[in-house]
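Residues per chain are reported as follows:
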Amino acid sequence: MMVARLGGALCAALLMSSAAFAQIPAKKPPPPPPPSARDVIDSVSASPDVEDEAKGKYPPLQREESLPLGQIQRAWDKAPASEGIYHLEFSPDRIAKIRVRQFMPVTIVFPEWETLSSDPEAGDSFVFSVQRAGTNKLVVRAKFVGADATITVIGDSGTVYPFYVRAEGANSVNVPDVVVYLHAAPPLAGVVMASNTRDAKDGKPAAPASLKPAVGNGREVTGEKAPDFVKPIAFNPDKLSFDFNMAGDRSIAPQRVFSDGVFTWFDYGVKWDRDDLPAVYRVVDGVDTPVNTRIKGTMLVAEAAGAFTLRNGQRVVCVRPADWEPEGKYAPPAKASAAATSATGPSRRSEAGGI
């Protein structure tokens, strides 16, 4: 019992005296005094480079002199200012040839109406790199020399642009192409027509509510994405006319007809898959003359304007513009009159006893 009390008194005494052994935090040493002017002067005098480097005077760097690369192309020395700028009239039946020099990229500028969304196809991507720049430009680089390849570009209009490219070095005697401008007329694209409504006054088809190109490039053109003629004709929607009169067999008659003064469209709509299409003839001097046609959607497109005749077997439809006036009149050869026959006497056949 006494031992327990002595142990408790000892613990209490130790706890009460523990504050005397608490650690006192160390104070932060004061910052060193700034160097005196004498110390600064002594350091500068001991190392003269300090003063020179403070004034931007650094010692020369001993190294080997660099030699010229010898990669200047002398073909540029006397080349005219227009050299390297290539203007090309694009044609779908010809391949554009482009000369590319290593370390000199070539920029191909496509027509302003064309846009490029798909990546170009390079025949040799190891030698040539092709990148799109903007909506209608390509940049071609040659990574090596002494090689050639083809590059195929498909525009959003559906036009296929084939290129032949050749990689040459700095020792080439030919000035390379730097900028290539492609010039081409816009291909005819599809036209979105208005509903088949008629004017309340005269019963004629109403003007279309909206006309827009199927390509989506903001150009008002119409026709084929890949026409079979070399230079397509631009389409002017302001010249569209829907004033046509038709007479004849309804089974081969189109639902509507319209023309821009250059081409004429015969739209069959839902009848396209149900009936045989007629042959199209243009009326010239009163005579039905064959005309070139092509198919666009549910329409027959005649590459002519004016009056037409549609024929399918014995079925005939006459299509005439509302303001059309005949250009001429067909006059069959005149038959010999009875008086002329009697004046010349009996015919040889009756003299021979024929019927």
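Residues numbered from 1 in each chain as written. Predicted model: local features only at pLDDT ≥ 70, side-chain atom pairs only at ≥ 80, totals over all residues. Heavy atoms only, no water.

What follows covers the pairing of strand E16 (residues 299–302). A two-sided burial pattern is seen for E16, the buried positions comprising Met-299 and Val-301 on one face and Leu-300 and Ala-302 on the other. Looking at chain direction, strand E12 (residues 264–267) and E16 are connected through four bridges and run antiparallel. Its bridge partner being in E16, Phe-266 is matched across the sheet by Leu-300. Bridge analysis of strand E15 (residues 293–296) against E16 gives four bridges, and the strand direction is antiparallel. Bridged to Thr-293 within E16 is Ala-302. Between the antiparallel neighbours E15 and E16 lie two residues, among them Gly-297 with a positive phi of about 65°. (Buried < 20%, exposed > 50% of the residue type's maximum accessible area, 1.4 Å probe, protein only. Helix = DSSP H or I, 4+ residues; strand = E, 2+ residues; numbered from the N terminus. Pairing = 2+ DSSP bridges.)

A few words now on the sheet that holds strand E4 (residues 121–122). If you trace the four strands from one edge of the open sheet to the other, you get E2-E8-E7-E4, paired in mixed fashion. Where the open sheet ends on each side, the last strands, each with one partner, are strand E2 (96–101) and E4. Where E2 meets strand E8 (residues 160–168), six bridges bridge the pair, whose relative direction is parallel. Among the inter-strand pairings, Ile-98 is bridged to a residue of E8, identified as Val-165.

Take the pattern of salt bridges next. Summed over all chains, the structure comprises six salt bridges. Across the pair Arg-99 and Glu-168 runs a salt bridge whose closest N-O atoms are separated by 3.2 Å. Here the residue Arg-99 occupies a position in strand E2, and Glu-168 occupies one in strand E8, the gap between them amounting to 69 residues. The exposure class assigned to Arg-99 is partly exposed, which follows from its relative accessible area of 27%. (Salt bridge = Lys/Arg side-chain N within 4 Å of Asp/Glu carboxyl O.)

The subject of this paragraph is a nonpolar patch on the surface. On the surface, a cluster of nonpolar side chains totalling about 210 Å² of accessible area is made up of Ile-85, Val-178 and Tyr-181. Here Val-178 lies in the loop between E8 and strand E9 (179–183). Under the relative-accessibility criterion, Val-178 is labelled partly exposed at 31%. (Patch = residues over 30% accessible without salt bridge, like charges linked within 9 Å, V, L, I, M, F, W, Y side chains within 5 Å. Areas by Shrake-Rupley, 256 points an atom, 1.4 Å probe, with all protein chains shown as cover.)

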